[in-house]
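# Chains, contacts and geometry: an overview
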Number of protein chains: 2
Amino acid sequence: MHRPLLAATAASVLAAPLAASELRDTALDYFAPLPSTLMAPKDNKITPEKIDLGKALFFDPRMSASGVFSCNSCHNLATGGDDNMPVSIGHGWQTGPRNSPTVLNSVFNVAQFWDGRAEDLKAQAKGPVQAGVEMANTPENVVATLNSMPQYVEWFKGAFPDEADPVTFDNFAKAIEAYEVTLTTPAPFDAYLNGNEDALTADQKAGLELFIDNGCVACHSGVNVGGHDYYPFGLIEKPGADVLPEGDVGRFAVTETADDEYVFRASPLRNVELTAPYFHSGVVWGLKEAVQIMSISQLGDKMPDAEVDKIVAFLGSLTGEMPEVVYPVLPPETDTTPRPSGEIIPN
Amino acid sequence: MHRPLLAATAASVLAAPLAASELRDTALDYFAPLPSTLMAPKDNKITPEKIDLGKALFFDPRMSASGVFSCNSCHNLATGGDDNMPVSIGHGWQTGPRNSPTVLNSVFNVAQFWDGRAEDLKAQAKGPVQAGVEMANTPENVVATLNSMPQYVEWFKGAFPDEADPVTFDNFAKAIEAYEVTLTTPAPFDAYLNGNEDALTADQKAGLELFIDNGCVACHSGVNVGGHDYYPFGLIEKPGADVLPEGDVGRFAVTETADDEYVFRASPLRNVELTAPYFHSGVVWGLKEAVQIMSISQLGDKMPDAEVDKIVAFLGSLTGEMPEVVYPVLPPETDTTPRPSGEIIPN
């Protein structure tokens with residue numbers, strides 16, 4: 001579903017400046033604040049035991065073949081839930097094809113990965129661990145590693161109490177999803193949507209109005225200010241091949257539908273201040289520059305600098321409070337734990 | 001200073017089995033419990049602000065050229081303060097020459113690195129960050145990175161309030177030392193030394209007695225049960241070249257004294273259960289096997305299996321309570337932050 005026309009509609013309806021409460025009312029037509037309780041993912045009951053197990057797995061570098069990388073390596077909770085690199089460096093110093101997206105608030109995305117090829121977080125969690133250029137592991141080796149450590153076996157029993165043989169790759173992914181569901185970051189923008197007019201500065205409100213008025217909201221809306229649907233990158237004007245490399249056709253690789261060439265999931269913009277560099281190609285370091293590229297490629301117009309500044313100010317109101325994370329103490333290896341290997345095995 | 005004769009002396013004095021309190025008295029001749037307050041390192045006043053800054057630096061992967069590695073990568077506080085690999089994988093997927101030692105309780109070591117080439121933790125902290133096969137960074141780039149993030153500059157001002165220009169590579173190292181000083185792990189063995197006879201099991205006490213009686217204590221004594229002095233590896237019988245590679249002459253490379261060939265700092269044994277694989281070469285995965293190798297190479301005798309088991313039980317009493325670590329939220333990069341580079345620059 002593409003809704004390019006919404007941009008034009010929004011722009012015409014909202015041409016007149018809005019009063020304070022009017023702006024908030026309009027914002028509530030497009031956005032929603034973070035919910036007050038944990039989201040309930042499909043087929044995965046969330047329990048404290050499952051969350052704790054998922055946290056251990058998320059931080060455990062032994063889930064990679066080499067013992068170097070954990071989920072947290074590329075989705076680092078200390079740095080906005082991503083790794084601040086154009087594309088991640090993984091197994092054998094190979095680089096991934098696309099910029100690592102933040103794990104924060106990722107439960108609110110319609111699907112996972114830039115092309116939405118994983119329907120949810122538990123499906124996503126199985127990807128990097130097996131990707132040859134990322135963690136380069138196998139489901140069998142992950143399960144063998146977990147079964148070799150009695151503490152992990154106990155934790156799986158606690159997290160999946162009704163299962164006879166709970167240490168499985170599916171449950172590994174479910175536990176990680178359970179943990180990731182907790183990684184949400186309430187921001188000033190939520191307080192604003194919830195009625196606190198003072199939560200945004202005057203510049204941030206002006207930026208919000210421009211964000212709606214100029215039509216950015218056509219693709220970046222919902223709880224995650226994006227992340228809810230797919231759109232062509234270069235809707236009006238294709239950006240340069242550095243920003244939109246020709247070889248990466250986006251969602252086309254998933255759907256094999258011609259309409260989906262160079263279509264990507266709209267970036268969720270919560271904490272965007274913290275997640276440079278930008279775009280699936282990860283080549284743009286400045287948020288102002290990123291907004292300007294979006295303005296030209298998606299809206300067909302170079303936005304005045306002063307407007308870009310206000311939109312960047314608004315985006316700053318999406319920077320939320322990070323969840324407090326007590327670093328886990330992981331179970332020690334045993335004699336039967338598969339040994340780490342940095343060996344690069346060609347596909 | 002080598003004291004191989006102590007082994008023989010200890011063995012003869014302690015030939016008769018010891019009564020419970022007698023064993024503890026004897027143990028107190030060789031060991032000391034963890035102190036009740038933080039150690040005060042030389043020329044580095046410890047303050048809460050400095051500890052907090054040091055924690056941020058310890059966990060910050062942007063201290064490496066690539067943005068992949070932090071201090072915590074190879075000294076992972078989730079897995080016993082080390083990385084569970086024979087030798088660490090670093091910049092460009094290169095491997096280091098020696099097994100990564102645990103950072104836990106490292107303040108109690110006489111000096112840092114396997115060959116003691118850094119006199120203290122602040123000297124050590126400057127090593128890996130510059131090593132081409134580890135973090136591959138430069139002091140200039142570290143300082144530029146820190147200065148590019150206003151929050152870090154503030155934190156340095158708070159940690160070094162009397163300095164006009166506190167963001168320096170020296171202070172970077174001092175802050176990391178301040179944090180590492182806090183990483184101590186009180187263990188059942190400390191409770192035992194402090195008078196709680198029930199803190200060790202019968203097997204652990206038997207193992208402690210054997211540890212003293214057989215002369216292990218000649219090299220592994222003090223607060224850290226090792227780490228306090230240098231000894232030849234292969235004192236009686238040289239282990240195989242896999243365990244003691246010929247090309248690594250140990251402390252000889254530091255002192256250039258013939259006596260120091262194949263001399264290493266005795267491993268501190270706190271948390272040894274958690275820090276496989278063993279020895280500077282990191283090739284031995286089992287603690288029993290490691291004890292057996294020590295027995296033959298340092299004491300000249302294959303120890304009966306039942307005795308090895310008891311010594312391993314005793315070593316288990318050195319596994320301490322991990323410090324609770326709240327994972328830091330790090331400052332975001334700015335336009336002036338040097339960009340990460342995974343490029344491999346030949347020496």
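Residues numbered from 1 in each chain as written. Chains lettered and ligands numbered in written order. Predicted model: local features only at pLDDT ≥ 70, side-chain atom pairs only at ≥ 80, totals over all residues. Heavy atoms only, no water.

An unreviewed UniProt entry lists chain A under the name Cytochrome C peroxidase, with Pelagivirga sediminicola as the source organism.

### Some thoughts on the layout of surface pockets
Using a probe with the size of a water molecule, rolled over the atoms, empty space left in the structure can be pinpointed. Residue and element names in this part refer to chain A. The volume enclosed by the second largest pocket comes to roughly 580 Å³. Along its surface, the second largest pocket is lined by 32 residues, and H75, F113, Q124, P128 and E134 are the ones closest to its centre. Those elements giving two or more residues to the lining of the second largest pocket turn out to be α4 (71-74), α5 (121-130) and α8 (169-181). In terms of residue count, the dominant contributor to the lining of the second largest pocket is α5 (6 residues). Of the residues belonging to the lining of the second largest pocket, the class tally is 15 nonpolar, 12 polar and 5 charged. (1 Å grid on protein atoms, 1.4 Å probe; cavity = no way out; pocket = protein on both sides within 12 Å on 5 of 7 lines; lining within 4 Å. Points joined across faces, edges and corners; volume = space filled by probe spheres on them. Helix = DSSP H or I, 4+ residues; strand = E, 2+ residues; numbered from the N terminus. Nonpolar A, V, L, I, M, F, W, Y, C, P; charged D, E, K, R; others polar.)

### Considering the relation of the copies chain B and chain A
Here chain B sits on chain A after a turn of 180° about the axis and a move of 0.0 Å along it, with an RMSD of 0.0 Å. This pairing of chains is accounted for by a two-fold axis. Relative to the rotation axis, the C-alpha of V326(B) is the closest in chain B, positioned 2.2 Å from it. Looking at chain B, 100% of its interface residues are interface residues in chain A too, so the copies touch through the same face. (Least-squares fit on C-alpha atoms with pLDDT ≥ 70 in both. Contact = heavy atoms within 4.5 Å.)

### Details of the nonpolar core
Ranked by size, the top nonpolar core spans 86 residues in total, and within it L57(A), L77(A), F172(A), L57(B), L77(B) and F172(B) carry the most contacts. Once you skip the residues sitting within four places of it in the chain, L77(B) turns out to touch Y327(A), F58(B), F59(B), N72(B), V103(B), L104(B), Y179(B), L183(B) and V325(B). Grouped together as the second largest cluster of nonpolar side chains are 40 residues, V243(B), V249(B), L287(B) and L318(B) included. (Core = buried A, V, L, I, M, F, W, Y, C linked by side-chain atoms within 4.5 Å. Buried < 20%, exposed > 50% of the residue type's maximum accessible area, 1.4 Å probe, protein only.)

### A few points about the interface of chain B and chain A
Between chain B and chain A, the residue contacts involve 38 residues of the former and 38 residues of the latter. With both chains or domains summed, chain B and chain A bury close to 3,000 Å², and 69% of this area falls on carbon and sulfur atoms. Three residues, W93(B), W285(B) and Y327(B), lead the burial of chain B against chain A; their summed loss comes to 25% of the area buried on that side. Taken together, the connections running from chain B to chain A amount to 0 salt bridges. Across the contact surface, chain B and chain A share 12 residue pairs in polar contact (both at pLDDT 80 or more). Here the side of chain B that touches chain A is composed, by residue class, of 22 nonpolar, 11 polar and 5 charged. (Buried area = accessible area lost by both parts, 1.4 Å probe. Salt bridge = Lys/Arg side-chain N within 4 Å of Asp/Glu carboxyl O. Polar contact = N/O pair within 3.5 Å; in protein donor to acceptor, adjacent residues only side chain to side chain.)

### Section: the UniProt feature "domain: Cytochrome c" (unreviewed entry) in chain A
Residues and elements named next belong to chain A. As recorded in UniProt, the sites labelled "domain: Cytochrome c" (unreviewed entry) are residues 49-157 and 202-319. Across residues 49-157, the secondary structure splits into 39% helix and 0% strand, with the terminal C-alpha atoms separated by 9 Å. For residues 202-319, the helix share is 35%, the strand share is 5%, and the end-to-end C-alpha distance is 17 Å. (UniProt positions renumbered as here; feature names shortened; annotations may be inferred.)

### Looking at the pattern of salt bridges
Residues and elements named next belong to chain A. Considering all chains together, one arrives at 30 salt bridges over all chains under this definition. The salt bridge partner of E333 is R62, with a shortest N-O separation of 3.5 Å. Of the two residues, E333 is situated in the segment after α13 (305-316) and R62 in the loop between α3 (48-59) and α4; the sequence distance between them amounts to 271 residues. With respect to class, E333 is no different from R62; both count as buried. Here E197 makes a salt bridge to K205, at a shortest N to O gap of 3.7 Å. Taken together, the shared-partner salt bridges in this structure form one network comprising R98, D115, R117 and D248.

### Brief notes about the packing of aromatic side chains
With the rule as written, the count across this model stands at 31 aromatic pairs over all chains. Pairing F169(A) with F172(A) gives two aromatic rings, centres 5.3 Å apart and planes at 10°, and the pair type is stacked. With F169(A) and F172(A) both in helix α8, this residue pair falls 3 residues apart, about one helical turn. By relative accessible area, F169(A) is classed as buried at 11%. Grouping aromatic residues by their ring pairs yields a cluster made of F58(A), F59(A), Y179(A), Y327(A), F58(B), F59(B), Y179(B) and Y327(B). (Phe/Tyr/Trp six-rings, centres within 6.5 Å; stacked < 30°, edge-to-face > 60°.)

### With respect to α13(A)
Residues and elements named next belong to chain A. Between its first and last C-alpha atoms α13 spans 17 Å; for 12 residues at 1.5 Å apiece the expected length is 16 Å, and the two agree. Of the positions making up α13, those classed as buried are V308, I311, V312, F314, L315 and G316. On its buried side, α13 packs onto α9 (188-193), α10 (202-213) and α12 (287-299). (Expected span 1.5 Å × (residues − 1).)

### Structural notes on the domain arrangement of chain A
Residues and elements named next belong to chain A. Segmentation of chain A into domains returns domain 1 (19-34 + 185-317) and domain 2 (48-181). One C-alpha centre belongs to domain 1, the other to domain 2, and the line joining them spans 27 Å. Each partner contributes residues to the interface: domain 1 has 28 residues there, and domain 2 has 23 residues. Among the residues domain 1 hides against domain 2, the three largest losses belong to N224, R265 and H280. Together they make up 27% of the total. At the boundary of domain 1 and domain 2, one finds 1 salt bridge. A salt bridge links D248 to R98; the shortest N-O distance between them is 2.7 Å. Counting across the interface, domain 1 meets domain 2 through 11 residue pairs in polar contact (both at pLDDT 80 or more). (Domains from an automatic or database assignment.)

### Considering the UniProt feature "binding site: heme c 1" (unreviewed entry) in chain A
Residue and element names in this part refer to chain A. In the numbering adopted here, UniProt assigns the feature "binding site: heme c 1" (unreviewed entry) to C71, C74, H75 and H91. Of the annotated positions mentioned, C71, C74 and H75 line the second largest pocket. The topology assignment puts C74 in helix α4. Ignoring sequence-local partners within four residues, the contact set of C74 consists of G81, D82, D83, S88 and S100.

### Regarding the environment of Y231(A)
Residue and element names in this part refer to chain A. By secondary structure assignment, the location of Y231 is in strand β1 (residues 230-232). For Y231 and S267, which are 36 residues apart along the polypeptide, the C-alpha to C-alpha distance reads 10.0 Å. Side-chain polar atoms of Y231 contact the backbone oxygen of A218, separated by 3.4 Å.

### Let's talk about helix α8 (residues 169-181) of chain B
Residues and elements named next belong to chain B. For α8, spanning 13 residues, the distance from its first C-alpha to its last is 19 Å, which sits close to the expected 18 Å at 1.5 Å a residue. When you tally the buried positions in α8, you get 11 out of 13 residues, the bulk of the element. Taken together, the buried positions of α8 are occupied by F169, N171, F172, A173, A175, I176, E177, A178, Y179, E180 and V181. On its buried face, α8 sits against α3 (48-59), α4 (71-74), α5 (121-130), α6 (139-147) and α7 (150-159).

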